[in-house]
Amino acid sequence: VDGIIGLYLIGIAFQCLHFTEEFVTGFYVRAPEFLGFVRWPTEFFVTFNLLWIAVWLLGAVGLKSGLRIAFFPVWFFAAGMVGNAIWHPLLCLATRGYFPGLLTSPFAGVIGMILLSRLWKITVPTYPAI
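What you see is a predicted model, and the numbers here were worked out from it, not measured in a lab.

(A) Representation of the overall build of the chain within the structure. When helices and strands are counted, the chain shows 5 helices and 0 strands. Along the chain, helices (α) and strands (β) appear in the sequence α-α-α-α-α when read from the amino end. Seen through its principal axes, the chain has C-alpha atoms that stretch 55 × 30 × 20 Å. Considering the chain as a whole, with its 130 residues, one finds that 38% of them fall into the buried category. Across the chain, the fraction of contacts at a sequence separation of at least 24, relative to all contacts at a separation of at least 6, is 73%. Accessible surface computed for the chain: about 7900 Å², of which carbon and sulfur atoms make up 75%. Taken together, the 7 basic and 5 acidic charged side chains of the chain have centroids lying 11 Å from each other.

(B) Highlighting helix α2 (residues 27–34). Those residues of α2 that sit buried are F27, Y28, A31 and P32. For α2, the arc enclosing every buried residue in end-on projection is 110°, short of the 170-degree limit, so these residues lie on one face. For α2, the secondary structure elements touched by its buried residues are α1 (2–25), α3 (42–64) and α4 (71–95).

(C) The arrangement of α1 in detail. Taking 1.5 Å of rise per residue, the 24 residues of α1 would be expected to cover 34 Å, and the 35 Å separating its terminal C-alpha atoms lies within 8% of that figure. The set of residues buried in α1 consists of I4, I5, L7, Y8, G11, I12, F14, Q15, H18, F19, E21 and E22. Buried positions along α1 lie against α2, α3, α4 and α5 (105–123).

(D) Highlighting the side chain of H18. Within the element layout of this structure, H18 appears in helix α1. H18 gets classed as buried once you look at its relative accessible area, which sits at 0%. Within the structure, H18 has its side chain in polar contact with the side chain of H88 (distance 3.1 Å). Not counting residues up to four positions away in its chain, the partners in contact with H18 are N84, H88, G101, T104 and S105.

(E) Structural detail: the packing of α1 against α3. Running from N to C, α1 and α3 cross one another at 175°; their axes reach a closest spacing of 10 Å. Considering their axes alone, α1 and α3 lie roughly antiparallel with respect to each other. Taking contact as the criterion, the partners of D2, I4, I5, Y8, L9, I12, Q15, C16, F19, E22 and F23 in α1 are, on α3, T42, F45, V46, N49, I53, W56, L57, G59, A60, L63 and K64. Tallied by class, the residues present in the contact of α1 with α3 amount to 15 nonpolar, 4 polar and 3 charged.

Rules and cut-offs
Counting starts from 1 at the beginning of each chain's written sequence and moves along it residue by residue. The predicted origin of the model limits local features to residues at a pLDDT of at least 70 and limits the giving and counting of side-chain atom pairs to 80 or more, whereas totals for whole chains, interfaces and linings rest on all residues. Only hydrogens and water are removed before side-chain values are computed, so all heavy atoms of the structure are retained for them. In this description a helix means any DSSP run of H or I spanning at least four residues, a strand means any run of E spanning at least two, and both kinds are numbered starting from the N terminus. Burial status follows relative accessibility: with a 1.4 Å probe on protein chains alone, a residue under 20% of its type maximum counts as buried, one over 50% as exposed, and anything between as partly exposed. We call two residues in contact when some of their heavy atoms are within 4.5 Å. Computed with the Shrake-Rupley method and a 1.4 Å probe, the accessible areas treat only the protein chains shown as cover for residues. Charged residues are defined narrowly, with Lys and Arg counted positive, Asp and Glu counted negative, and His plus the chain ends left uncounted. For the purpose of locating charges, the reference atoms are NZ of Lys, CZ of Arg, CG of Asp and CD of Glu. The directions from the helix axis to the C-beta atoms form the arc being described. By this rule, a helix spans an expected 1.5 Å times one less than how many residues it contains. A 3.5 Å cut-off defines polar contacts: any pair of N or O atoms within that distance qualifies, except that in protein one atom must be a possible hydrogen donor and the other a possible acceptor, and neighbouring residues in sequence count only when both atoms are side-chain atoms. Between N-to-C directions, angles cover 0 to 180 degrees, with each direction set by a line fitted to C-alpha atoms, over the stretch in contact for helices. Just so you know how the angles are binned, under 35 degrees is roughly parallel, over 145 roughly antiparallel, 65 to 115 roughly perpendicular, and the rest oblique. Polar here means any residue other than Ala, Val, Leu, Ile, Met, Phe, Trp, Tyr, Cys and Pro, which are nonpolar, and Asp, Glu, Lys and Arg, which are charged; Gly is therefore polar.

Here it is in structure tokens:
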């Protein structure tokens, strides 16, 4: 679990950088408009992201404390990081230009893939050969 927690915390720090890029470049305006909705209030976008960061940090505390349920937010986080690496470039293609969050999304994907690989090794049961 210790090999997971360190990478996970680096990932959370990187997600903070990704969130900053999205905030500064107006993701909360562009994403809803792309989907045909009204822009999200700045307060909603910031609160939404900070709440997820808090959940993920609690997941790290839970892992360190040996709580198996804490793996859920860690798996969710890792999958989301990989999703960032996929969706942001696709949004750029769809809009034919830069879409907020693009610059940090590939790095998030790498962290997410490594984390998923490590999670798989320690959480997926292995069965003895028959």
